[in-house]
Amino acid sequence: MQTKIYFDHAATTPVRKEVLEKMLPYFTEYYGNASSVYGIAKESKQAMERARKQVADAIGAKPEEICFTAGGSESDNMALRGVAEALEKRGKHIITSAIEHHAVLHTCEYLEKKGFRVTYLPTDADGKVSPADVERAIEADTILVSIMFANNEIGTIEPIEEIAAVAHKHGILFHTDAVQAVGHVPIDVEKMGIDLLSLSGHKLGAPKGIGALYIRKGTPIKPLIYGGAQERNRRAGTENIPGIVGLGKAVELAVNSMEEITPRLQQMRDRLIDGILEKIPYSKLNGHRTDRLPGNCNISFSYIEGESMLLLLDALGIAASSGSACTSGSLDPSHVLMALGLPHEQAHGSLRLTLDWDNTEEEIDFILEKLPGIVERLRQMSPLYEAVKG
């Protein structure tokens with residue numbers, strides 16, 4: 001069945017019409033290589049620099065501190081590997097959390113194989129990292145702390161400013177994966193003390209395959225990709241001008257509409273959460289109740305399996321997720337939910353519904369009408385549920 005209702009914006013978003021319109025001329029009319037000197041190339045260069053300023057303005061940075069990448073995963077890799085290789089003579093210890101996106105966790109695993117040591121901090125039951133735990137984990141040779149701004153599965157927003165202050169107190173760089181946060185919550189890298197920040201276009205209405213890494217001026221970092229002097233010698237390769245233009249426009253739209261859209265999203269999110277918890281017994285909200293992304297609803301249901309729930313929702317034209325899109329093919333329970341202390345059976349029965357600008361109250365009504373029946377149907381097949389019912 002064709003999707004009627006899209007509740008998986010944390011996985012990806014549709015390209016906004018205004019974004020596509022801005023991009024189109026750079027495919028066919030202004031197609032020049034931004035490194036060349038003739039007219040259409042100059043137009044490409046100017047468009048790229050306009051977008052660089054749009055991204056910088058959205059997070060309180062300077063344009064020259066924005067490095068365009070192919071997306072959030074590359075930005076995370078560049079931040080961790082680039083800093084680690086640049087500072088390995090100073091130290092080989094990195095601090096992160098157990099609930100990071102796999103773009104960070106797998107990069108840390110790679111660095112461990114290269115002789116670096118990584119401390120994976122636990123969180124509380126809501127998914128929050130404690131600044132005190134960060135400070136206790138710091139060692140004499142710690143060179144980087146990397147804690148995500150907001151979790152992609154449970155939506156919990158971390159105390160970024162406090163954690164960054166702890167890192168700087170000890171002369172340590174601070175990186176945050178803000179892929180889920182940019183354009184959805186206010187960010188000011190100067191005020192918050194962020195040295196490196198990853199973002200991705202397809203989470204906020206831009207196309208897939210474009211992202212950026214904010215690198216505070218003076219931050220030591222080595223490139224991942226060699227072969228040219230693009231991006232101030234930080235990332236080789238001919239620039240993706242249509243994607244960059246789209247990213248700039250999408251970020252600008254998201255930030256400018258945040259004050260209007262956020263309250264509406266929070267109201268729909270809370271109605272969705274409250275409605276599910278009220279209508280469906282043995283259900284549990286995952287993540288912090290209020291310190292969470294405005295469009296994130298993640299709930300675990302005991303005595304059912306999440307993939308079956310997604311298939312039945314899909315049959316009704318509802319697109320949802322049981323966790324990170326990057327691990328949707330895995331049979332393993334969510335590493336995030338396991339880190340929160342959920343038992344396997346609850347972690348397997350999770351549902352993530354993520355809203356954005358194009359969702360409506362009528363769609364909330366529809367899922368609140370249909371989901372209880374789906375959960376009950378699946379539970380009727382569970383011997384564990386039969387035992388609980390008596």
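Look up: the structure comes first, before these words.
Residues numbered from 1 in each chain as written. Predicted model: local features only at pLDDT ≥ 70, side-chain atom pairs only at ≥ 80, totals over all residues. Heavy atoms only, no water.

Novice: A description of the side chain of Asp76 should follow, citing residues and the corresponding values.
Specialist: Mapped onto the elements of the fold, Asp76 is located in helix α4 (residues 72–87). Of the buried charged residues, Asp76 lacks a salt bridge, with Lys203 as the closest side chain of opposite charge at 10 Å. Ignoring anything within four residues of it in the chain, the contact list for Asp76 reads Ala103, Val104, His175, Asp177 and Ser198. (Helix = DSSP H or I, 4+ residues; strand = E, 2+ residues; numbered from the N terminus. Buried < 20%, exposed > 50% of the residue type's maximum accessible area, 1.4 Å probe, protein only. Lys, Arg positive; Asp, Glu negative; His and termini not counted. Salt bridge = Lys/Arg side-chain N within 4 Å of Asp/Glu carboxyl O. Contact = heavy atoms within 4.5 Å.)

Novice: Please give an account of the packing of aromatic side chains that cites residues and values.
Specialist: Overall, the coordinates contain two aromatic pairs when judged by the stated rule. For the ring pair Tyr26 and Tyr30, a centre distance of 5.6 Å and an interplane angle of 40° mean the geometry is tilted. On the numbers, 5.5 Å between centres and 80° between planes, the contact of Tyr282 with Tyr303 is edge-to-face. Placement of the pair is Tyr282 in the loop between α10 (241–279) and β9 (283–285) and Tyr303 in the loop between β10 (296–301) and α11 (306–315), with a sequence separation of 21 residues. On the basis of relative accessibility, which here comes to 41%, the residue Tyr282 falls in the partly exposed class. Its end group placed over the ring of Trp357, Arg16 keeps NZ or CZ at 4.5 Å from the ring centre. Its guanidinium or amino end placed over the ring of Phe116, Lys92 lies 5.2 Å from that ring's centre, counting from NZ or CZ. (Phe/Tyr/Trp six-rings, centres within 6.5 Å; stacked < 30°, edge-to-face > 60°. Lys NZ or Arg CZ within 6 Å of the ring centre and 35° of its normal.)

Novice: A description of the environment of Ala86 should follow, citing residues and the corresponding values.
Specialist: By secondary structure assignment, the location of Ala86 is in helix α4. Taking the C-alpha atoms as reference, Ala86 lies 5.7 Å from Lys222; in sequence the two are 136 residues apart. Leave out the neighbours within four places in its chain, and Ala86 touches Pro220, Ile221 and Lys222.

Novice: Pulling in residues and values, what's your account of the packing of helix α3 (residues 39–59) against α10?
Specialist: Following both chains from N to C, one finds α3 and α10 inclined at 30°, their axes separated by 8 Å at the closest point. Classed by the angle they form, the pair α3 and α10 counts as roughly parallel. Crossing handedness for the pair α3 and α10: left-handed. Along its contact with α3, which presents Ser44, Ala47, Met48, Ala51, Gln54, Val55 and Ala58, the element α10 presents Ile241, Ile244, Val245, Leu247, Gly248, Lys249, Val251, Glu252 and Val255. In terms of residue class, the contact of α3 with α10 is made up of 11 nonpolar, three polar and two charged. (Axes fitted to C-alpha atoms, helices over the stretch in contact; angles between N-to-C directions. Parallel < 35°, antiparallel > 145°, perpendicular 65-115°, else oblique. Left-handed = near helix turned anticlockwise from the far one by under 90°. Nonpolar A, V, L, I, M, F, W, Y, C, P; charged D, E, K, R; others polar.)

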